[in-house]
Structure formats: structure tokens, C-alpha cells
Amino acid sequence: MLKMHNVRKSFRTDTIETHALRDFSLEVKEGEFVSVTGPSGSGKTTFLNIAGLLETPTGGQYLLDSEDVSNLNDRQRSRLRNEKIGFIFQGFNLIPDLNLFDNIDVPLRYRGFNAKERRKRIEKVLEQVGLSARAKHLPAQLSGGQQQRVAIARALAGEPRFLLADEPTGNLDSLMARQVMELLEFINEWGTTIVMVTHDPELARRAHRNIQIVDGQVCDLRTLTEQPEAATA
Amino acid sequence: MLELQPMLSALWRNKVPALLISLQLALTLAIISNIVIIIQERIEKIGRPTGIAVEEIIAINVMAIPQDYDMIGAISADMDLLRKLPLVKDATVTNQVPLSQSGSAGTFYTQPNQKVGGENSNRYNTDPNFINTLGLKLVAGRNFTNTEMQYYDPSEIRDVNVAVITQQFAENIYPGQDPIGKPLYDGDSHPIEIIGVVERHLGAWVDWSKAGNVAFFPIARNTQDINYLVRAEPGKRDEVLKTLVEKLSERDPQRVIKTRILSEYVARSYAGDNLMVKVLSIVAATLSFIVALGIVGLTIFWINQRAKQIGVKRALGATRSNISRYFLVENSLIAVTGIALGSAAALIVNQYMVRDYSQPVLTLVPLSICALLVLVVSLTAALAPALRAANISPATATRSV
Ligand SMILES: Nc1ncnc2c1ncn2[C@@H]1O[C@H](COP(=O)(O)OP(=O)(O)O)[C@@H](O)[C@H]1O
Ligand SMILES: [Mg+2]
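Points about the confidence of the model for chain A
Any region with low pLDDT has predicted coordinates that should not be read closely. Residues and elements named next belong to chain A. Confidence in the prediction for chain A averages 90 pLDDT; 94% of positions are at 70 or higher. At the low end of the mean pLDDT range in chain A sits strand β10 (residues 217-223), at 67; at the high end sits strand β8 (residues 193-197), at 96. For residues 223-233, every residue scores under 50 in pLDDT, and the model assigns this stretch 18 contacts once sequence neighbours within four places are set aside.

If you want it as C-alpha cells, here you go:
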């Protein structure tokens, strides 16, 4: 599904050059649920951004579905993001001026679906996240957990094969965090590959596999199901 | 893909700034469209054909110093002199200089002793050379002959027998009829026969509602001062001008002689209109510029405010052009609202302008042109910020909180 080989990413400002990722290599298989942990500033978000085609790597190779995506133009990258990838952000990132229905509609419109198809999909995902009754509400009228469920619904509506989540529970209390996690696990069971950055060791442990990023590199790889005790970051 | 419905929802939630820009555009359209028709009217007025070879003509004012000066004699001698000068096409004598804002007028009737229902017209006392000198075009009948010329003292009252008039005056006083041979009366019982019609002569006063109604009479009176008009060969006017005063003074030094080119008189006559056009154009341009600045400011403000959601939209699959187009379409919606409001306002303002200040009526064509102009100004102003918005990185979605 995802294969990175010696990916590098550096940010150059006037004074310093930050190496956010260095010789970063990782493979994620179709259907996996991978959690990513690591200290703040270690490069987790940078990894997700590159994986999700939000940023381009400075060097190295990135294959998404065996396709080298390093040299795609903006239009092609936008299309891949829209069709293959779903995003869930820590801050939910719902569009405050649009109601839930229209928020979920955003990626579907870019996809070019007709109105009927979009409505069908929106109603389906709203149902899945248990917010059908709130379709006409504005994000501000919802709790954080509900907002994140809408964001997940938005990410799912296009039926992406690859879901990227950057601290999806970071702004939620533990009960809500658990609900969101259950939703993600459910989605994963239906076949969607998930990579989730988290600070919560309990949630990290619930993934199939946890990778640690330290200082821009994959530090340790272990399969949680095999060595559950050692997984605490 | 236009995203119209969500765009309208989002606009509705930000309606105050959107409405303010709409109103600003509306006001601009209301003002500019009324300005434009005034400008248009003035430009048309300035551009009206005068019927006169303005660029080739020099006006000469001759003022006799001695009280008992024989002006009649002087006129013949001066005409002989002027007409023989090299590069001079022709010369004529006239009581007033055309297009100079000074002239005389009278009321003429079709019936003897008629006192009401006459038609006003400029009147010039001149000689048979006026047609050739002014570059007029005789379209019917004939010119005066030298034998029809009457030279007399101002103290005398003499009846004039023939007149050449402009086509406009002919159509006004004898609508739908052949004017040749018809009489003009100036309030008494003596008929003045219309013997010729010239195509056009704008007369003395460019602002006059009857400008273009002109009658010419074969008269030269023995006044203290008189005007001559000299027509030079094309392009030779300035050369002729240089020696005129000298030549005339040489012939008879007992006069004060002043010359001025006719185009200068015309420029002075239209100075107010030209100034009006200039001032109003500046006002219109300034207004458009200010409203454009407002739109640039608002668009930049909105884009900065929405940088995060632009990043989110990019992350969810929006291309750069999706983003730019969104802001341009949004801008068009605001502009179209403003144009709708502005068109209504323009027509209402115009009604008052027509009624209270007798300004021209605002018709659909200038209004549409101004509306289009406002739309173009608005879109141009939004273009740069909208293109810049497309450069907001999709990573904004994950980077900023
Ligand atoms: N746009 C940027 N410009 C400069 N430095 C950046 C930028 N984005 C991230 N960085 C730096 O790259 C490093 C990795 O950042 P990030 O991937 O966000 O870490 P994490 O998500 O693990 O906290 C940090 O040192 C951060 O300061
Ligand atoms: Mg991060």
C-alpha cells in the first residue's frame, strides 16, 4: 500500500535547516492499522504529510499503491488525495461556515460525483458515525467528539483505501477518544488501511503495529500482537 | 464545478462584509453610470460637426481709431488685399465671429406681422464670400451676389431682401417643405426671401439649445469695428497668420488689428465642457480605484482568515484552480449583487438628475457597459489575491492549529 525508501525532508528557513525526516524507510501493507508514536517534533506529522501527498519529500522514494508519486503535478496529487486518501486532523478542521452535510460534501464535489450520489454517500456516512439527525447543524453546535466523528465521516465518504490520522484524539477526553478509536477500528475491519499518529499509549497499543519516530527516523519496529508488553512508548 | 450552494451558505454566514462590498460596488455603479452619460453627452457635444473649416480659419478684429472712419471703404480695400495674399483661399466680412460665444439672434416668422410662434436663429451680416471662406456647403438654392450686398450706416434702417439659412433652421421653420423662395419675417410685413440653404453652421453659442439655427444676410454696416475671416490653404494657417496684422496695418495704420485663430475660439467655447469631462473622468477613475482597493483588501482579509480551510480543502482534493475559482466566483456573486442594486440605484438617481438638473437619460447600453466595467474592476481586484490563495499549502491543514 505504502512504501517509503530513504525519504528525506528538510525545511530551510533563513538561518537553519531542519531535517524533519532522514533516511526514513517504512512499508505499510494493505489493510494494516499502524500507530505512530514519538516525541514532539520528531517528524510524525511530516511523515503523515508526505504519506498523504500534502508535502513533497526532499529526497528518497515514495510508492503509493506501487506508483511512484514523487514527480506528480499538483492536479494529479490533488486527485490522488481526493480518491485514495482520507484525512483526520487533530483539530477536526471542519469548515465552520458549512453545516455537517456540506462539510462531508466538500471532497465529494471535488471528486465530481453527481448530487444524487453525493447525497447517498453523505447520508450513509452520517449514519455510520451516528449523526444523521444533525446533518443541518453547524460544527460549532457539536461537541469535540461529535466534530471528530463528522471529520471521520468526511474522510470516509469518498471510500478511501488509506486513512491518515494525525492525533485524532488529541483534543478529546478519554471517553470520546475511545469512541473515535472504536470507529477507526471498525473502519479498519472493513478493509481501510489506517496510519494514526497518537500520543496515547493505550490507543497506540490497540493498533496492529506501532512504529516510533525519533529524530526523523523510524526507531523501532515491533508487532504489537506478538510483543504486547513492550509496546509502551 | 462551481460549489455554488455551499458558497452561498458560507457567504450568508459572512453577509456583512460581503454586503458592504456589494453596496460599495452598487454605489460606484450608480455614480459612474450617471457620470458616464454626462461625459458621453459632453463628448458628443464637443464632437458635433460645426460645418465650418475651423482649423483653416483666422479671425481678424479691426477697430478704427478715428471716430468718423469710413469702414465701408476699408472693408472693400481690406477684402481686396486679403483675397490676393498668397496661401489665402478666401476672406469674408462678418459682424460676429462664429463659434466665439458672441453673436446675435432674432426671431423669425413665416407670416407677415406674426408675433408669436416664431423660430429663433443666429443671424450674421456677411458677404457672398462667406460660404467659401467658412467652408460651408450650399445644398439648395444659391449664394448672394455682390449686387445684393447692402452697405449702410448703423443709424439707417434698411430692409434686407434675401437670406441664406442653414438646413436645420429651414427644417425648423418650414418643416417638410422646400424653403427656397419662401419668406422669412422678422415681425413686420417685409418678406426676406430664402434664396439658399447651407448644410450646417453651428452658429455663435455652442451651449444654445437652438445652436445650428443660422441665417446669413448680405449686409455690411459702417460700424467702428468689424470682423474679417480669412481661410488659409490647408496647413498654411499659421504661416498666413504671421503677416496678416503687418499687411493690414501697412495698408491703413489708423486701426487696431487683432487676430486669433478660430480653433482657439472653439477651444474656449468648449473649455467648460472639456473641464467637466476631465473632472468627471477623474472622479469615475478614482472611485473605481477606491472600490478596487476595497475589494483587494476584503479578498486578502477573507483569504487570510480562511487560510486554514483552504489548506483543508486542498488536503481533501481541491486543486489550485478549484481554490482560485472559488474566490473569483464568490467575488462575481458579490459583484453581481452589487450590480443589481447599483443598476436600480443608478436609474433612480438618474430620474432625479433628469428631472432636477436636466441631465441626459440613462439608457440600457451605457448602464450595461458600466455594469460590465464594474464587474471587470471587481474581478481584476480579486484576481491577484485569488491566485495567491491557490498557493496556500495543503500542509496548512496539519501544521497550524
Ligand atoms: N514548515 C516548516 N518549516 C520549518 N520547520 C518545520 C516545518 N514543519 C515542521 N518543521 C520542523 O520539522 C520538525 C518535525 O516536525 P513535525 O513533523 O511536525 O513533528 P511532530 O509531528 O512529530 O511533532 C520539527 O523540528 C519542526 O519544527
Ligand atoms: Mg505533529
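The discussion continues.
Here we look at the environment of A:His5
All names here are of chain A. Along the chain, the position of His-5 falls in strand β1 (residues 2-12). According to the relative accessible area criterion, His-5 is partly exposed, its value standing at 45%. With 195 residues separating them along the chain, His-5 and Asp-200 place their C-alpha atoms 27 Å apart. When near neighbours in sequence (up to four residues on either side) are disregarded, His-5 contacts Phe-24, Ser-25, Gly-60 and Gln-61.

Considerations on the packing of helix α2 (residues 15-47) of chain B against helix α8 (residues 271-305) of chain B
Residues and elements named next belong to chain B. Running from N to C, α2 and α8 cross one another at 160 degrees; their axes reach a closest spacing of 9 Å. Classed by the angle they form, the pair α2 and α8 counts as roughly antiparallel. With respect to the hand of their crossing, α2 and α8 are arranged in left-handed fashion. In terms of residue class, the contact of α2 with α8 is built from 22 nonpolar, 6 polar and 3 charged.

Comments concerning the site of ligand 1
Taken together, the neighbourhood of ligand 1 is formed by A:Phe11, A:Thr18, A:Ala20, A:Pro39, A:Ser40, A:Gly41, A:Ser42, A:Gly43, A:Lys44, A:Thr45, A:Thr46 and B:Arg399. Residue neighbours of ligand 1 fall on chains A and B, so the site bridges chains. For ligand 1, the accessible surface in isolation is 560 Å², of which the surrounding protein chains cover 67%. Where the shell around ligand 1 is concerned, the elements lending two or more residues are β2 (17-28) and α1 (44-51) of chain A. Counting residues per element, the shell around ligand 1 draws most heavily on α1(A), which supplies 3 residues.

Calculation criteria
- Residues numbered from 1 in each chain as written.
- Chains lettered and ligands numbered in written order.
- Predicted model: local features only at pLDDT ≥ 70, side-chain atom pairs only at ≥ 80, totals over all residues.
- Heavy atoms only, no water.
- pLDDT = per-residue confidence, 0-100.
- Helix = DSSP H or I, 4+ residues; strand = E, 2+ residues; numbered from the N terminus.
- Contact = heavy atoms within 4.5 Å.
- Buried < 20%, exposed > 50% of the residue type's maximum accessible area, 1.4 Å probe, protein only.
- Axes fitted to C-alpha atoms, helices over the stretch in contact; angles between N-to-C directions.
- Parallel < 35°, antiparallel > 145°, perpendicular 65-115°, else oblique.
- Left-handed = near helix turned anticlockwise from the far one by under 90°.
- Nonpolar A, V, L, I, M, F, W, Y, C, P; charged D, E, K, R; others polar.
- Near = heavy atom within 4 Å.
- Areas by Shrake-Rupley, 256 points an atom, 1.4 Å probe, with all protein chains shown as cover.

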